[in-house]
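Commentary on secondary and tertiary structure
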Amino acid sequence: METVQIFDTTLRDGEQSPGFSMNVVEKLKLAHAIEELGVDVLEAGFPIASPGDLDATRAVAAEIKGCRVAALARARQEDVDAALRGLQPAAKPRLHIFLATSDLHLKHKLRISREEALDRITRMVRFGSRHCDEVEFSAEDASRTDLDFLCQVVLAAVECGAKVINLPDTVGYFTPAEYTAMFRNVRAHLAAHPHVVLSAHCHDDLGLAVANSLAAIEGGARQIECTVNGIGERAGNASIEELAVALHVRQNHYGVATGLVLEKLYPTSRLLTLITNVHVPPNKAVVGANAFAHEAGIHQDGILKNPLTYEIISPEKVGVPARRLVLGKHSGRSAFRSRLTDLGFDTTDVELAEFYSLAIARADAEKEITDRDLITFIHQVRRGQASSEKDHNASSAATTR
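Described in the following lines is the structure provided in the data block. Predicted model only: the values in this text are computed from it and were never measured.

Once that is clear, we can look at the overall build of the protein chain. Along its length, the protein chain carries 15 helices and twelve strands. For 401 residues, the compact-globule estimate of 2.2 N^0.38 gives 21 Å, and the protein chain exceeds it by more than 25% at 28 Å. Within the span of the protein chain, comprising 401 residues, buried residues form 51% of the whole. Of the contacts formed within the protein chain by residues at least 6 apart in sequence, a portion of 71% connects residues at least 24 apart. Looking at the protein chain as shown, the accessible area adds up to about 18300 Å², and 51% of this sits on carbon and sulfur atoms. Separation of charge centres in the protein chain, based on 44 positive and 53 negative side chains, amounts to 2 Å.

Spelled out as structure tokens, the structure:
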């Protein structure tokens, strides 16, 4: 089975999103967690951005030995020089050079011609290849680039020494079918260079980052660039936890594997949350608070009988301690009985019926019923039964007299 490399850019693209800046100590802590997660490449930063980012990149490069460490640079001499300084301590460095290739970016942002762009790319990739064993070239805004020009650019970059070619959907514009087709076209254009790795880097502006990344794999991509919790510019990047689980659960469909340790997904997500104090939405796939929580009675009954009825992967497999059966107005008797048993109360059918009436009445007024509520209700039911039995016994005794 083929392997898809996982390129994590949480410390670079992820950190660029508002509210996610990290100091050197925080970056190092998260870098070690991402390394333990089993990624193939960890992008440490954009060294030209600031002296602090250069220092952080050097610190990560010096400590991370289990995977490649990458540093980003525009196709400019000063950027490449800064990135190389940042990567100097790395055991396995990768220089990541990028330049926009769409006519929109060339005309309005860079204000250069296609010929000038091609010249910058070839010069910097050639220079970088002389100073770093592995160079990746990214054609920024590839999804809105003229396909013929894109093929011309990537072939030139490969001939100048690039071993990895990244085709980003920089603004989350493409549909999955379009992205697959682009990768197939570029792969065919590089037929003479079968060992060049094609990479996908997707943004979530239309909510398609993960879908597009998976589509890229179907088109021949063998590296996916992503972030923990899907953080990143604007709406974010493709989420590493969603991609990891999708490729695991649907391995028969995609026919590829990753080296990720799935059990580390949730702990790594939680660490990022603790460092940045930015929480994921409760309905976030895989790592959200509700990802393995069930309230509907039909779902709870199915989960209690066989978890596969409503979970395609177990919570423990991705590092979540346990699933939750949330007790509320949608819950059924099975879930209430199960929780009471967990709390040490085995109930008869009669007790459960009375208990359920009390619980649902409370649930209509409250969003969620707590364990304290459950204990109160079961005691209330049993006190009521004991009182009724006492009255019945007293009545029987009086009749006998």
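Alright, that's what it looks like, and here's the rest.
This part covers the packing of helix 13 (residues 333–342) against helix 14 (residues 349–363). Their axes nearest at 10 Å, the elements helix 13 and helix 14 cross at an angle of 105°. With respect to helix 14, the element helix 13 is oriented roughly perpendicular. Contact with helix 13, carried on its side by R333, F336, R337 and L340, involves D349, L352, F355, Y356, A359 and I360 of helix 14 and no other residues of that element. Of the residues belonging to the contact of helix 13 with helix 14, the class tally is seven nonpolar, no polar and three charged.

Strand 4 (residues 68–74) sits mainly inside the fold: five of its seven residues count as buried. Here strand 3 (residues 41–45) pairs with strand 4 via four bridges, running parallel. Across the sheet, L42 pairs through a bridge with V69, a residue of strand 4. Two elements, strand 4 and strand 5 (residues 93–100), share six bridges in a ladder whose sense is parallel. Bridging across to strand 5, A71 finds its partner in L95. Taken together, strand 4, helix 3 (residues 77–87) and strand 5 constitute a β-α-β crossover, and its handedness is right-handed.

What follows is about the packing of aromatic side chains. Applying the stated criterion across every chain, the model contains seven aromatic pairs. When the ring of Y179 is compared with that of F183, the centres are 4.9 Å apart and the planes differ by 85°; the resulting orientation is edge-to-face. You can see Y179 and its partner F183 sitting in helix 7 (residues 176–189), four residues apart, about one turn around the helix. Each member of the pair, Y179 as well as F183, is classed as buried. Taking the centre distance of 5.7 Å and the plane angle of 75° together, the rings of F336 and Y356 count as edge-to-face. Here F336 is found in helix 13, whereas its partner Y356 is found in helix 14, with 20 residues between them in sequence. By the burial criterion, F336 is buried, and Y356 matches it. An aromatic cluster is defined as three or more aromatic residues linked by ring pairs; in this entry it consists of Y173, F174, Y179 and F183.

Another aspect to go through is the pattern of salt bridges. For the structure on display, the rule yields 27 salt bridges. For D373, the salt bridge identified is with R362, shortest N-O distance 2.9 Å. On the criterion of sequence distance, the pair formed by D373 in helix 15 (residues 371–400) and R362 in helix 14 is long-range, its members being eleven residues apart. The class of R362 is partly exposed, set by a relative accessible area of 32%. Residues joined in a network through salt bridges with shared partners are R68, R94, E134 and E136.

The next subject is the sheet that holds strand 4. Read around the closed barrel, the eight strands follow the order 2-3-4-5-6-7-8-9; overall the barrel is parallel. Averaged over all neighbouring strand pairs, the angle between strand axes comes to 25°, with direction disregarded. Pairing analysis gives three bridges linking strand 7 (residues 164–166) to strand 8 (residues 197–201), with the strands arranged parallel. By the bridge assignment, V164 is partnered in strand 8 with V197.

Proteins that are soluble and globular tend to have nonpolar side chains buried together. With 96 residues, the main nonpolar core has L95, F137 and I165 as its most contacted residues. Of all the elements, helix 6 (residues 147–159) adds the most residues to this core, at eight residues. Discounting chain neighbours no more than four positions away, the residues touching L95 are A71, A73, V80, A83, L84, L87, G128, C132, E134, V135 and E136. L340, L352, Y356 and F377 belong to the second largest nonpolar core, which has 16 residues in total.

What counts and what doesn't
- Residues numbered from 1 in each chain as written.
- Predicted model: local features only at pLDDT ≥ 70, side-chain atom pairs only at ≥ 80, totals over all residues.
- Heavy atoms only, no water.
- Helix = DSSP H or I, 4+ residues; strand = E, 2+ residues; numbered from the N terminus.
- Rg over C-alpha atoms; globule rule 2.2 N^0.38 Å.
- Buried < 20%, exposed > 50% of the residue type's maximum accessible area, 1.4 Å probe, protein only.
- Contact = heavy atoms within 4.5 Å.
- Areas by Shrake-Rupley, 256 points an atom, 1.4 Å probe, with all protein chains shown as cover.
- Lys, Arg positive; Asp, Glu negative; His and termini not counted.
- Charge placed at Lys NZ, Arg CZ, Asp CG, Glu CD.
- Axes fitted to C-alpha atoms, helices over the stretch in contact; angles between N-to-C directions.
- Parallel < 35°, antiparallel > 145°, perpendicular 65-115°, else oblique.
- Nonpolar A, V, L, I, M, F, W, Y, C, P; charged D, E, K, R; others polar.
- Pairing = 2+ DSSP bridges.
- Right-handed = clockwise from strand over helix to strand, strands pointing away.
- Phe/Tyr/Trp six-rings, centres within 6.5 Å; stacked < 30°, edge-to-face > 60°.
- Salt bridge = Lys/Arg side-chain N within 4 Å of Asp/Glu carboxyl O.
- Core = buried A, V, L, I, M, F, W, Y, C linked by side-chain atoms within 4.5 Å.

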